[in-house]
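# An overview of the molecular structure
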Amino acid sequence: MNAFPRYVPGGLAFVDIETTGGPAQCESITEIGILQVDEDGMREWSTLVRPESRIPEYIQRLTGIDDAMVADAPRFADIAGEVFDRLDGRLFVAHNARFDHGHLRAAFRRAGLDMRPQVLCTVKLSRRLFPEHRHHGLDHLVERHGLMVADRHRALGDAQLLWQFWQKIHERFPPGYLEAMVRELIGRPSLPPHLDPEQIAGLPETPGVYLFYGERGGETDGELPLYIGKSTRLRSRVLSHFAADHQSDRELSLSQQVRHIEWIETAGEIGALLEEARLVKRLQPTHNRQLRRNRELCTWRLATDIVGDWRLELVHAADLDFGRRDDLYGFFRTRREATNRLRALARDHALCPPLLGLEKKPQGARCFGFQLKRCRGACHGGESPQAHALRLIEALHTLKVEHWTWPGPIGLREGEALHVIDGWRWLGTATDEAMLASILESGRPTFDLDIYKILIKAVRRLPILML
């Protein structure tokens, strides 16, 4: 039996969800079950999910899931990353897949993620394989194929039934016939007409970064960077662009322009994130919306004047060593964004706008905010400067920039690679002693907000080595 065929290189994910019966536009998922199958074997995973509304009684009777069971369960946003990783690069197999895929994709979209797997519906597959039968619901498949029911109408139990059905059809039909049927139902990746298929054949199923190039139109030599992306499964992610080119104008445009693909393998997800951020800023590909270079990055610095009063000043990233300072608050891509955020803090915490440099007023006069009862009177002596400063520091607390606590550079171990960082700057990645020495001798790059965000999470996940 060839239950895991080679024509599904990224693996299979048999998926089932339970819901409150509400639409996909609402947080209605109550349980997710995923059964992963690949060359390494089979793995099961499930979790209850807390929806935004109560579970109707008829749904409780059908699934056995009630409000008390999901009261302490995570929201989908809390587990979105884990669910995404379990599905990413795999063939999404579900019964009436439009329902499960539609709910999950909408939930991912609300969580800021874009899931675009190849989808196989086992209802459609059963209809194609067994046209002599009229009904193809899951209960009919159980009876027709002698599937073993463990926990019907629960997410993982129903996902297990789909895995059993997959094994049964691979016992009954020759692999070539099933491959043709599956490819027809999910749609073959439509490779761009000017792309050499040999490039796709060479793509590895490993973590890394991929680069799409097109022509520059003839006015200059060389290739035009179109798009840079990253994935823990390079081959599957690249193919997903072309499999979905009929669903998105952006994907269609990219597919028509691409002439050449390059890739860089990395030790893991962190290495891929760092390399993607670096390359997007260096190459400025036309289709990347995020991670672009920002020269106006600024922050608020809390300083004291010559008489010891606290004051805020807006400073640019280029003028500061961000990681080495402990008096910086917030990252803003423009002066306007920084000012608007400070105005919001002043409004929410009854701070005095003139003392924050947001407004001008005559000496000793009451500010307009005081007249609206949005200021406690620090502008005219109704509140002491010290009390106002303490409330300002408290208001700024959520914006405080993470301080670099190490005396010098450190290394983050990811597999066989060592990511070298100093002052929240990524100096480079070493795989041997010579590379490490070269990186440590080189100068430090300018501060980069996207790299900073990646490293803040990385230091909590990867082993740290003092250098």
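Let me begin by describing the structure that accompanies this report. (Residues numbered from 1 in each chain as written. Predicted model: local features only at pLDDT ≥ 70, side-chain atom pairs only at ≥ 80, totals over all residues. Heavy atoms only, no water.)

### So, the side chain of threonine 63
Within the secondary structure, threonine 63 is located in helix α1 (residues 57–63). Within polar-contact distance, the side chain of threonine 63 engages the backbone nitrogen of isoleucine 65 at 3.1 Å. (Helix = DSSP H or I, 4+ residues; strand = E, 2+ residues; numbered from the N terminus. Polar contact = N/O pair within 3.5 Å; in protein donor to acceptor, adjacent residues only side chain to side chain.)

### Here's the deal with helix α7 (residues 155–172)
In this model, α7 (18 residues) spans 26 Å end to end at C-alpha, consistent with the 26 Å of a helix rising 1.5 Å per residue. Of all 18 residues in α7, 14 are buried, a share of seventy percent or more. (Expected span 1.5 Å × (residues − 1). Buried < 20%, exposed > 50% of the residue type's maximum accessible area, 1.4 Å probe, protein only.)

### Comments concerning the pattern of salt bridges
Tallied over the full model, the rule gives 24 salt bridges. Arginine 301 serves as the salt-bridge partner of glutamate 313, at 2.0 Å between the closest nitrogen and oxygen. A residue pair is termed long-range when its members are at least 10 positions apart, and glutamate 313 in strand β10 (residues 310–316) and arginine 301 in strand β9 (residues 298–304) qualify at 12 residues. According to the relative accessible area criterion, glutamate 313 is buried, its value standing at 18%. (Salt bridge = Lys/Arg side-chain N within 4 Å of Asp/Glu carboxyl O.)

### Describing helix α3 (residues 76–87)
Phe76, Ile79, Ala80, Val83, Phe84 and Leu87 are the residues of α3 that are buried. End-on view of α3: buried residues confined to an arc of 160°, all on one side of the axis. (Arc of directions from axis to C-beta.)

### Some remarks on the nonpolar core
Leu412, Ile421, Trp424, Tyr452 and Leu455 are the most contacted members of the largest nonpolar core, which totals 26 residues. With 8 residues, helix α17 (residues 449–461) is the single largest residue contributor to this core. In terms of nonpolar packing, the next biggest core, distinct from the first, is built from 25 residues, Phe14, Leu91, Leu125 and Val142 among them. (Core = buried A, V, L, I, M, F, W, Y, C linked by side-chain atoms within 4.5 Å.)

### Looking at the sheet that holds strand β11 (residues 328–332)
Read from one edge of the open sheet, 3 strands run β10-β9-β11, paired in antiparallel fashion. The outermost strands of the open sheet, each flanked by one partner alone, are β10 and β11. Put simply, the sheet's adjacent strands are angled 25° from each other on average, direction ignored. Pairing analysis gives 3 bridges linking β9 to β11, with the strands arranged antiparallel. Bridge pairing links arginine 301 to leucine 328 in β11. Across the face of the sheet, helix α13 (residues 335–348) comes into contact with β9, β10 and β11 while running at roughly 55° to β9. (Pairing = 2+ DSSP bridges. Axes fitted to C-alpha atoms, helices over the stretch in contact; angles between N-to-C directions. Contact = heavy atoms within 4.5 Å.)

### As for the packing of helix α5 (residues 122–129) against helix α8 (residues 175–186)
The geometry of α5 relative to α8 is characterised by a closest axis approach of 11 Å and an angle of 130° between their N-to-C directions. Regarding the angle of α5 to α8, the classification is oblique. The two elements α5 and α8 cross, and the hand of that crossing is right-handed. Residues Lys124, Leu125, Arg128 and Leu129 of α5 form the contact with α8, whose own contacting residues are Tyr177, Leu178, Met181, Glu184 and Leu185. For the contact of α5 with α8, the residue count by class is 6 nonpolar, no polar and 3 charged. (Parallel < 35°, antiparallel > 145°, perpendicular 65-115°, else oblique. Left-handed = near helix turned anticlockwise from the far one by under 90°. Nonpolar A, V, L, I, M, F, W, Y, C, P; charged D, E, K, R; others polar.)

In short, the description is geometric, and any link to function would need to be established separately.
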